[in-house]
Amino acid sequence: MCGECGCGEKEKSLSLNQDILKDNKRKAEGLRVLLDKNKVFSANIMGSPGSGKTSLIEKTILMYGDGKRFGVIEGDLETDLDHRRLKSIGVNSTQINTGTVCHLDADMIEEAVKSMPLTEIDFLFIENVGNLVCPSLFDLGTHINVVLLSVTEGEDKPLKYPLIFKRANVILLTKIDLIPFLKLDEEALMRNLKRINSKAPVIKISPVTEEGFKDWISLLESFRKYPALLP
Ligand SMILES: Nc1nc2c(ncn2[C@@H]2O[C@H](COP(=O)(O)OP(=O)(O)OP(=O)(O)O)[C@@H](O)[C@H]2O)c(=O)[nH]1
Ligand SMILES: [Mg+2]
């Protein structure tokens, strides 16, 4: 179990948790300075297991064009399957295996970036461990938080897991090609997302049909160029 997410003994772990989060925040600030110094724009990609995080990263890199250079840090409990998937299309990817820990933290990223050629990267995508709870607590030193919600997960998820959606700068509604096959109340889903986070843009995407990717890529580019636009 994750000791940091507040699911252990109450009071003792609460103050320990706060110290851990404070320490994490300090390291994350340092990481952001390091990334800024190297002109690397970075995104923490979060969402449930199987929500489409690796597919998003793959397709974004393939469609971006414009000679941009990408780096990826792959967070996974156990395997390097996603890392190998990205390597196979020539992406500069680094693997972190967290074992029993259900999220990435700034310490792990600090270690991973040591082996990355930051001066040769324009965008750094960090694929967090698939989970809608713990990753939301840990700042990784990225410039934006991107949260994926796939249409198969149901319209109630923003209400059930509010923190991760609250902390999103961008929300991507994924697998929209599957909507015709589902019993999904899309209006309720959008209403629930807006209720939890009224500022973050919501983009509907599908790496299968490529729908939404132009909008997502141009938003990413705007945030990179004009950080003041960040919600
Ligand atoms: N139909 C459809 N399938 C998708 C879409 N995006 C991803 N998938 C499929 O959904 C499955 C999971 O996608 P991944 O990209 O591996 O998801 P993930 O979030 O990286 O998964 P974990 O890393 O295991 O948490 C794969 O079989 C993908 O091919 C989509 O937009 N439409
Ligand atoms: Mg993945």
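I will try to describe carefully the structure that is included in this document. No experiment lies behind these values; they were computed from the predicted model shown. (Residues numbered from 1 in each chain as written. Chains lettered and ligands numbered in written order. Predicted model: local features only at pLDDT ≥ 70, side-chain atom pairs only at ≥ 80, totals over all residues. Heavy atoms only, no water.)

### Overview of the coordination of the magnesium ion (ligand 2)
Surrounding the magnesium ion (ligand 2) are the protein donor atoms T54 (OG1), D82 (OD) and E127 (OE), which sit 2.1 to 2.2 Å from the metal. One chain supplies every donor for the magnesium ion (ligand 2), spaced along it as T-x27-D-x44-E. Of this pair, T54 sits in helix α2 (residues 53–64) while D82 sits in helix α3 (residues 81–87), and the two are 28 residues apart along the sequence. (Donors = N, O, S within 2.8 Å, 3.2 Å for Na, K, Ca; no water. Helix = DSSP H or I, 4+ residues; strand = E, 2+ residues; numbered from the N terminus.)

### What about the sheet that holds strand β1 (residues 41–47)?
Sheet architecture is open: seven strands sit in the order β3-β2-β4-β1-β5-β6-β7, paired in parallel fashion. Pairing within the sheet leaves two strands with one partner each, and these edge strands are β3 (92–97) and β7 (202–204). Each adjacent strand pair in this sheet contributes to an overall mean axis angle of 20°, direction not counted. As judged from the six bridges shared by strand β2 (residues 70–76) and β3, these two strands associate in the parallel manner. Paired with D76 across the bridge in β3 is N97. Along the sheet face, helix α4 (residues 106–113) touches β2, β3 and β4 (123–127) and points at about 140° away from the line of β3. Along the sheet, helix α7 (residues 186–196) contacts β5 (144–150), β6 (170–174) and β7; its crossing angle with β7, the most-contacted strand, is approximately 150°. (Pairing = 2+ DSSP bridges. Axes fitted to C-alpha atoms, helices over the stretch in contact; angles between N-to-C directions. Contact = heavy atoms within 4.5 Å.)

### Quick word on the side chain of E127
Inspection of the secondary structure puts E127 in strand β4. Despite being buried, E127 has no salt bridge partner; K53 is the closest side chain of opposite charge, sitting 4.3 Å away. Polar side-chain contacts of E127 include one of 2.6 Å to the side chain of T54. Ignoring any residue separated from it by four or fewer positions in sequence, one finds E127 in contact with I45, K53, T54, I57, I73, E74, G75, D82 and L104. (Buried < 20%, exposed > 50% of the residue type's maximum accessible area, 1.4 Å probe, protein only. Lys, Arg positive; Asp, Glu negative; His and termini not counted. Salt bridge = Lys/Arg side-chain N within 4 Å of Asp/Glu carboxyl O. Polar contact = N/O pair within 3.5 Å; in protein donor to acceptor, adjacent residues only side chain to side chain.)

### Brief notes about the pattern of salt bridges
Enumeration over the complete set of coordinates arrives at 18 salt bridges. As a salt-bridge pair, K27 and D23 come within 3.4 Å of each other at their nearest N and O atoms. Here K27 pairs with D23, and both are found in helix α1 (residues 10–37), just four residues apart, close to one helical turn. With relative accessibility at 18%, the residue K27 sits in the buried group. D139 serves as the salt-bridge partner of R32, at 2.8 Å between the closest nitrogen and oxygen. Of this pair, R32 sits in helix α1 while D139 sits in the loop between β4 and β5, and the two are 107 residues apart along the sequence. Overall, R32 belongs to the buried group, its relative accessible area being 16%. The class for D139 is buried, based on a relative accessible area of 17%.

### A look at the packing of aromatic side chains
Summed over all chains, the structure comprises six aromatic pairs. When the ring of F123 is compared with that of F125, the centres are 6.3 Å apart and the planes differ by 20°; the resulting orientation is stacked. Residue classification places F125 among the buried residues on the basis of a relative accessible area of 2%. Within the aromatic cluster, the residues linked to one another by ring pairs are F41, Y64, F70, F123 and F125. (Phe/Tyr/Trp six-rings, centres within 6.5 Å; stacked < 30°, edge-to-face > 60°.)

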